[in-house]
Amino acid sequence: MQVTISEVTTRGLEIQTAETKLLSPVVRLDTPTPPAKVPELLKASTTAEKLLFALNPDGRLKVTRPFVVTVARQEGVVTAHVEEIDEFGYGSKSGEALHDLAKTLSELYFSLRDNADRLSAELSAIWLKLNEHIELR
Amino acid sequence: MTDAEGEYKFTVRIVYLGEEEQIVGGLETEGVTASDRLGVLNLALNLPPVQFPQFGRYEFQLFANNVYIGRAVINAVKLEAK
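Keep in mind it's a predicted model, so treat the numbers as computed, not measured.

S.K.: Lay out the overall build of chain A with the relevant residues and their values.
M.R.: In terms of regular secondary structure, chain A is built from three helices and eight strands. Listed by position from the N terminus, the elements making up chain A come as β-β-α-β-β-β-β-β-α-α-β. Within chain A, counting contacts between residues at least 6 apart in sequence, those at least 24 apart form 38% of the total.

S.K.: Can you tell me about the overall build of chain B, naming the residues and giving the values?
M.R.: For chain B, the count of helices and strands is zero helices and six strands. The order of helices and strands in chain B, counted from the N terminus, is β-β-β-β-β-β. Seen through its principal axes, chain B has C-alpha atoms that stretch 50 × 30 × 20 Å. Here chain B holds 82 residues, and 29% of them are scored as buried. Considering only residue pairs separated by 6 or more positions, chain B has 54% of its internal contacts joining residues 24 or more positions apart.

S.K.: Which residues make up the packing of helix H2 (residues 94–114) of chain A against helix H3 (residues 121–131) of chain A, and what values do they have?
M.R.: Residue and element names in this part refer to chain A. Across the interface, H2 lies against H3 with an axial gap of 10 Å and an inter-helix angle of 120 degrees. Viewed along their axes, H2 and H3 adopt a mutual orientation that is oblique. Considering only the axes of H2 and H3, their crossing is left-handed. Facing H2, whose interface residues are Leu108, Tyr109 and Leu112, H3 presents Leu123, Ile126, Trp127 and Leu130. Partitioning the contact of H2 with H3 into residue classes produces seven nonpolar, no polar and no charged.

S.K.: Give a description of the pairing of strand S3 (residues 48–53) of chain A that names residues and reports values.
M.R.: As paired strands, S3 of chain A and strand S5 (residues 67–74) of chain A are joined by six bridges and run antiparallel to one another. If you follow alanine 48 of chain A over to S5 of chain A, its bridge partner there is alanine 72 of chain A. With two bridges joining them, S3 of chain A and strand S6 (residues 67–76) of chain B adopt parallel strand pairing. Paired with phenylalanine 53 of chain A across the two strands is tyrosine 68 of chain B, which belongs to S6 of chain B.

S.K.: Which residues make up the environment of isoleucine 14 of chain B, and what are the values?
M.R.: Note that isoleucine 14 of chain B resides in strand S2 (residues 10–17). Taking the C-alpha atoms as reference points, isoleucine 14 of chain B and glycine 26 of chain B, twelve residues apart in sequence, are found 5.4 Å from one another.

S.K.: Provide a residue-level description of the nonpolar core, including the pertinent values.
M.R.: Ranked by internal contacts, the top residues of the largest apolar core, which has 34 residues, are Phe53, Leu55, Val69, Leu98 and Leu101 of chain A together with Tyr68 of chain B. When residues of this core are traced back to their parent elements, those giving at least two are S3, S5, strand S6 (77–82) and H2 of chain A together with S2, strand S3 (21–28), strand S5 (56–64) and S6 of chain B.

Conventions we followed
- Think of each chain on its own: its residues are numbered from 1, step by step along the sequence as written.
- Written order determines the labels here, with chains lettered from A and ligands numbered from 1.
- With pLDDT at 70 or above as the cut-off, local features in this predicted model cover only qualifying residues; side-chain atom pairs require 80 or more to be listed or tallied, and sums for whole chains, interfaces and linings still use all residues.
- Secondary structure counts use DSSP, requiring at least four H or I residues in a row for a helix and at least two E residues in a row for a strand, with both numbered from the N terminus.
- C-beta atoms are first placed from the backbone for all residues, and any pair lying within 7 Å is then listed as a contact.
- Our exposure labels follow a C-beta count within 10 Å of each residue's own C-beta, placed from the backbone: buried means 20 or more other C-beta atoms, exposed means 12 or fewer, and partly exposed covers the counts in between.
- Lines are fitted to the C-alpha atoms to define the axes, a helix being fitted only along its stretch in contact, and any angle between axes, read from their N-to-C directions, falls within 0 to 180 degrees.
- Orientation labels follow simple angle bins: below 35 degrees gives roughly parallel, above 145 gives roughly antiparallel, 65 to 115 gives roughly perpendicular, and whatever is left gives oblique.
- For any pair of crossing helices, the crossing counts as left-handed if the nearer helix is rotated counterclockwise from the farther one by less than a right angle, and right-handed if it is rotated clockwise.
- All residues other than Ala, Val, Leu, Ile, Met, Phe, Trp, Tyr, Cys, Pro, Asp, Glu, Lys and Arg, Gly among them, are scored as polar; the first ten of these are nonpolar and the last four charged.
- Strands qualify as paired when DSSP identifies two bridges or more between them.
- By convention the nonpolar core is taken to be a set of buried residues drawn from Ala, Val, Leu, Ile, Met, Phe, Trp, Tyr and Cys and joined through C-beta atoms within 7 Å.

This is the structure we're talking about:
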């Protein structure tokens, strides 16, 4: 999803529903004196981190347990790697790599499901591991 | 959002998508309770003024209890005076 903001109020965009309470004000990392308490996720590098991942691009599926994903930049390409099943997503940015990984995982799920009765031992193991994370709605 | 049940703390990371990605800010919510997995959970985050240091693309990454669940991309464009 991509939007272009052309007009904002002093408080940001108007919100029609009740606001969610924030734990702290917005943290700005570009100030000369950064705030004392910065959430751990904001201290990370988006192209060199290990994160929990449960992005679901397919409405037929739901992610029941997050994957551990390693995001890394190599020679100008960002990779998102699930070591557990050795699957990758690629992109020029981390968000693209993660989105690509989510599509790959959903395609893999349906491909293995459709051929579940004739999988090799290696693919059967991947199918079992995938089922620990993803299920049909 | 749907499929949520229980207590969640949401985190938003604002990432500048330049040659090198850079986290320029973000926020954390207080605990939000989702009582019905089949229901809809509205998350309404009113961002106080956030400075976008440069024109270009920015990504808002959304995490629920430190799990990456989605993103949205915006363009910060310079409006030319007519």
